[in-house]
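If you want the building blocks of each chain, they are given just below.
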Amino acid sequence: QVQLVESGGGLVQAGGSLRLSCAASGGTFSVYGMGWFRQAPGKEREFVATISWSGGRTYYADSVKGRFTISRDNAKNTVYLQMNSLKPEDTAVYSCAAGVVYHSSWPAQAATQYNYWGQGTQVTVSS
């Protein structure tokens, strides 16, 4: 059983930056593909970014490409989401997720591809 805990959310002005962290425990972190998803009030959960187990491959939603960067440190059992040039429409609860992602399933954009989820961290971008 893998436990995931996000941190780093907060209130930031448009154009600002935040770095989210997701710390994993209780499993072998390095075997899991990791993803970030977000959900704004009244909206469906949305894929943001994913990274392969080794960190060698990354994939982003078009809405964040060029502004967000996903990375991981397997020695620290942590995945990160660096968010730059934030916009009010980025306001949401951001959650990390872990799953066994096979090569044929890449990129893992669907929530159903992930088995473990964190509780989420709120990101609010003011205009």
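Residue numbers run consecutively from 1 along every chain, following the written order of its sequence. Thresholds applied to this predicted model are a pLDDT of at least 70 for local features of residues and 80 or more for the giving and counting of side-chain atom pairs; totals over whole chains, interfaces and linings are not thresholded and use all residues. For the side-chain quantities, the full set of heavy atoms in the structure was used; hydrogens and water were omitted.

Thoughts on the nonpolar core
The biggest cluster of nonpolar side chains holds 37 residues, and the ones touching the most others in it are Leu-4, Met-34, Trp-36, Leu-81, Met-83 and Tyr-94. The set of elements that each furnish at least two residues to this core consists of strand 3 (18-25), strand 4 (33-39), strand 5 (46-51), strand 7 (68-73), strand 8 (78-83), strand 9 (92-99) and strand 11 (121-126). A helix here means a DSSP run of H or I that spans at least four residues, while a strand means a run of E at least two residues long, and both kinds are numbered starting from the N terminus. For this core, the leading source of residues is strand 9, giving 5 residues. Joining through side-chain atoms within 4.5 Å is the link that ties buried Ala, Val, Leu, Ile, Met, Phe, Trp, Tyr and Cys residues into a set, and such a set is a nonpolar core. Burial classification: accessible surface area is computed with a 1.4 Å probe over protein chains only, and a residue below 20% of its type maximum counts as buried, one above 50% as exposed, and the rest as partly exposed.

Quick look at the state of the cysteines
Criterion for a disulfide: a pair of cysteine sulfur atoms at a distance within 2.5 Å. Applying the stated criterion across every chain yields a total of 1 disulfide. Each sulfur of the disulfide joining Cys-22 and Cys-96 lies 2.0 Å from the other. Between Cys-22 and Cys-96, the disulfide has an S-S torsion of 55 degrees and is therefore right-handed. Of this pair, Cys-22 sits in strand 3 while Cys-96 is found in strand 9, placing the two residues 74 residues apart along the sequence. By relative accessible area, Cys-96 is classed as buried at 0%.

A word on the packing of aromatic side chains
Pairing of aromatic rings covers Phe, Tyr and the six-membered ring of Trp, with a centre-to-centre limit of 6.5 Å; geometry is then stacked below 30 degrees between planes, edge-to-face above 60, and tilted otherwise. Counted under the stated rule, the structure contains 6 aromatic pairs. Plain terms: the ring middles of Phe-37 and Phe-47 are 5.7 Å apart, the flat faces sit at 75 degrees to each other, and that makes the pair edge-to-face. Here the residue Phe-37 occupies a position in strand 4, and Phe-47 occupies one in strand 5, the gap between them amounting to 10 residues. Per residue, the accessibility class of Phe-37 equals that of Phe-47, and both read buried. Here Tyr-114 and Trp-117 contribute two aromatic rings whose centre-to-centre distance is 6.2 Å and whose plane-to-plane angle is 70 degrees, an arrangement assigned as edge-to-face. Since its relative accessible area comes to 5%, Tyr-114 is described here as buried. Grouped by ring-pair contacts, the aromatic residues Phe-37, Phe-47, Tyr-59, Tyr-114 and Trp-117 constitute a single cluster. Geometrically, a lysine NZ or arginine CZ counts as sitting over a ring once it is within 6 Å of the ring centre and also within 35 degrees of the ring normal. Here the guanidinium or amino end of Arg-45 rests over the ring plane of Trp-117, the centre of that ring lying 4.2 Å away. The lysine or arginine in question, Arg-72, covers the ring of Phe-29, its NZ or CZ lying 4.4 Å from the ring centre.

A look at the side chain of Ser-52
Structurally, Ser-52 can be placed in the loop between strand 5 and strand 6 (58-60). For Ser-52, a relative accessible area of 5% translates into the label buried. Polar contacts involving the side chain of Ser-52 include one to the main-chain amide nitrogen of Gly-56, which spans 3.2 Å. When checking whether two residues touch, look at their non-hydrogen atoms; a contact exists if any pair is within 4.5 Å. Once residues lying within four places of it in the same chain are set aside, the contact partners of Ser-52 are Tyr-32, Gly-33, Arg-57, Arg-72 and Trp-106. Polar contacts, as counted here, are pairs of nitrogen or oxygen atoms within 3.5 Å of one another; within protein the pair requires one atom able to donate a hydrogen and one able to accept it, and residues that are adjacent in sequence qualify only if both atoms are side-chain atoms.

Everything listed is a geometric property; what it means functionally is a separate question.
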